[in-house]
Amino acid sequence: MLDFNVTADEIVEKAGELAILPIGSTEQHGPHLPMCTDYVVATEISKRIAEKTGAYLLPTLPISTCYEHKGKKGSVWMKPDTFYSVIQDIVLCLKGQGFKKVAVVLGHGGIFIATPAIRELNAMFDDLKVAKIDFLNFFGTKDMLEILESPNNLHACEYETSLMLYFKEELVKKDKIKDADCVPQYPRDFLNYVSLIKLSKNGVWGEPSLGTKEKGEKIARVLVDESIKYMNRVFDTMEYDAW
């Protein structure tokens, strides 16, 4: 696999047109999951995508935008306009080196500024195709619906707990999972008005008690397959012309 552990000469020799940029977050994940949860998920899924596609895998960005977790010590974010520039700078740097396709993999569900940043790149630059892979788009697929039991999978939930049990079981506080369930009686868009900590007593939105390592393995497989399928469809639809 081509990533930042190989030499520059190996990348020159073996890299094709596709690069993958995973985006994580450093934020609270309830009493049972580590701060690095989004970072781990983005890294592990992107690694598997790169292995299947032969893409050049960049290191995962550990910090993005997570204002919705203000009020819990340890959560760290950057301003949306800063993130906007970071994403565009990295993608344009890759473009200048001959990478014509970039998949931006969002391991955190609250990076809303990523959409306009990627949209502008696709609209303004020739010889460039950028796909935004958002795992939330795959929750409605048949395979995912067959795995998840809870209809409430937003944060530190059945979905994320299962993935972390599969990827980094040693980091999960298993003794705290059973009592961690919390489903705020608000729609998701209330996170535009107050922090998650104000809506949830423990920073959880979902039912982590339903999470299992076996589900995590199945979810990971679905995310990889659906990400590749979506990415290929995006690139096949796009043309190398500015809008």
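Structure: see above.
Residues numbered from 1 in each chain as written. Predicted model: local features only at pLDDT ≥ 70, side-chain atom pairs only at ≥ 80, totals over all residues. Heavy atoms only, no water.

(A) Expanded view of the pairing of strand S4 (residues 101-106). The element S4 is extensively covered by neighbouring structure, given that five of its six residues are classed as buried. In this structure, strand S2 (residues 18-23) lies alongside S4, joined through six bridges in parallel fashion. Paired with Pro-22 across the bridge in S4 is Val-105. As paired elements, S4 and strand S5 (residues 129-134) share six bridges and run parallel to each other. What sits directly across from Val-102, in S5, is Val-130. Handedness of the crossover is the feature at issue here: the chain leaves S4, passes through helix H4 (residues 114-124), returns alongside S5, and the resulting connection is right-handed. (Buried < 20%, exposed > 50% of the residue type's maximum accessible area, 1.4 Å probe, protein only. Helix = DSSP H or I, 4+ residues; strand = E, 2+ residues; numbered from the N terminus. Pairing = 2+ DSSP bridges. Right-handed = clockwise from strand over helix to strand, strands pointing away.)

(B) Summary view of H4. Among all positions of H4, only Ala-114, Ala-117, Ile-118, Leu-121, Asn-122 and Ala-123 are buried. Turning to H4, the residues buried within the fold contact helix H3 (80-96), S4 and S5. (Contact = heavy atoms within 4.5 Å.)

(C) Structural context of the packing of aromatic side chains. Considering all chains together, one arrives at seven aromatic pairs under this definition. A ring pair is formed by Tyr-56 and Phe-99, whose centres lie 5.5 Å apart and whose planes are at 25 degrees; its orientation type is stacked. One end of the pair, Tyr-56, is in strand S3 (residues 56-57); the other, Phe-99, is in the loop between H3 and S4, and 43 residues separate them in sequence. Given a relative accessible area of 13%, Tyr-56 falls into the buried group. (Phe/Tyr/Trp six-rings, centres within 6.5 Å; stacked < 30°, edge-to-face > 60°.)

(D) Quick peek at unusual backbone geometry. In this structure, Asp-127 takes a positive phi of about 55 degrees despite not being glycine. By the secondary structure assignment, Asp-127 is in the loop between H4 and S5. Despite not being glycine, Ala-156 shows a phi value in the positive range, around 55 degrees.

(E) Main features of the packing of helix H2 (residues 37-53) against helix H6 (residues 158-167). Packing of H2 against H6 leaves a shortest axis separation of 10 Å and a crossing angle of 65 degrees. As judged from the angle between their axes, H2 and H6 are roughly perpendicular. Pair H2 / H6 crosses with left-handed handedness. Here H2 contributes Thr-37, Asp-38, Val-40, Val-41, Glu-44, Ile-45 and Arg-48 to the contact with H6, which in turn contributes Glu-160, Leu-163, Met-164, Tyr-166 and Phe-167. Considering only residue class, the contact of H2 with H6 consists of seven nonpolar, one polar and four charged. (Axes fitted to C-alpha atoms, helices over the stretch in contact; angles between N-to-C directions. Parallel < 35°, antiparallel > 145°, perpendicular 65-115°, else oblique. Left-handed = near helix turned anticlockwise from the far one by under 90°. Nonpolar A, V, L, I, M, F, W, Y, C, P; charged D, E, K, R; others polar.)

(F) Looking closely at the sheet that holds S2. One open sheet holds the five strands; their spatial order is S1-S3-S2-S4-S5, and the pairing between them is parallel. Whereas interior strands pair on both sides, the edge strands pair on one side only; in this sheet they are strand S1 (2-3) and S5. Each of S2, S3, S4 and S5 is contacted by H3, which is oriented at about 160 degrees to S2, the strand it contacts most. Here H4 sits on the sheet in contact with S4 and S5, set at roughly 160 degrees to S5.

(G) Representation of a nonpolar patch on the surface. On the surface, Tyr-186, Phe-190, Tyr-193 and Val-194 cluster together to form a nonpolar patch covering roughly 390 Å² of accessible area. For Tyr-193, the position within the fold is in the loop between H6 and helix H7 (196-199). (Patch = residues over 30% accessible without salt bridge, like charges linked within 9 Å, V, L, I, M, F, W, Y side chains within 5 Å. Areas by Shrake-Rupley, 256 points an atom, 1.4 Å probe, with all protein chains shown as cover. Salt bridge = Lys/Arg side-chain N within 4 Å of Asp/Glu carboxyl O.)

(H) Molecular detail of the environment of Val-41. Among the structural elements, Val-41 can be located in helix H2. Of the residues examined, Val-41 reaches a relative accessible area of 2% and is grouped as buried. For the pair Val-41 and Leu-106, spaced 65 residues apart in sequence, the C-alpha separation works out to 9.4 Å. Val-41 has contacts with Phe-135, Leu-163, Met-164 and Phe-167, leaving out every residue within four places of it along the chain.

(I) The arrangement of the side chain of Ser-75 in detail. As for its placement among the helices and strands, Ser-75 is situated in the loop between S3 and H3. A polar side-chain atom of Ser-75 sits 3.0 Å from the main-chain amide nitrogen of Gln-28. Ignoring any residue separated from it by four or fewer positions in sequence, one finds Ser-75 in contact with Thr-26, Glu-27, Gln-28, Met-35 and His-69. (Polar contact = N/O pair within 3.5 Å; in protein donor to acceptor, adjacent residues only side chain to side chain.)

(J) A look at the packing of H2 against helix H8 (residues 213-237). One way to put it is that H2 packs onto H8 with a least axis distance of 9 Å and a crossing angle of 55 degrees. One element, H2, and the other, H8, form an angle in the oblique class. The way H2 lies across H8 gives a crossing that is right-handed. Between H2 and H8, the contacting residues are Ile-45, Arg-48, Ile-49, Lys-52 and Thr-53 on the first element and Ala-220, Leu-223, Val-224, Asp-225, Ser-227, Ile-228 and Met-231 on the second. The class makeup of the residues in the contact of H2 with H8 is seven nonpolar, two polar and three charged.

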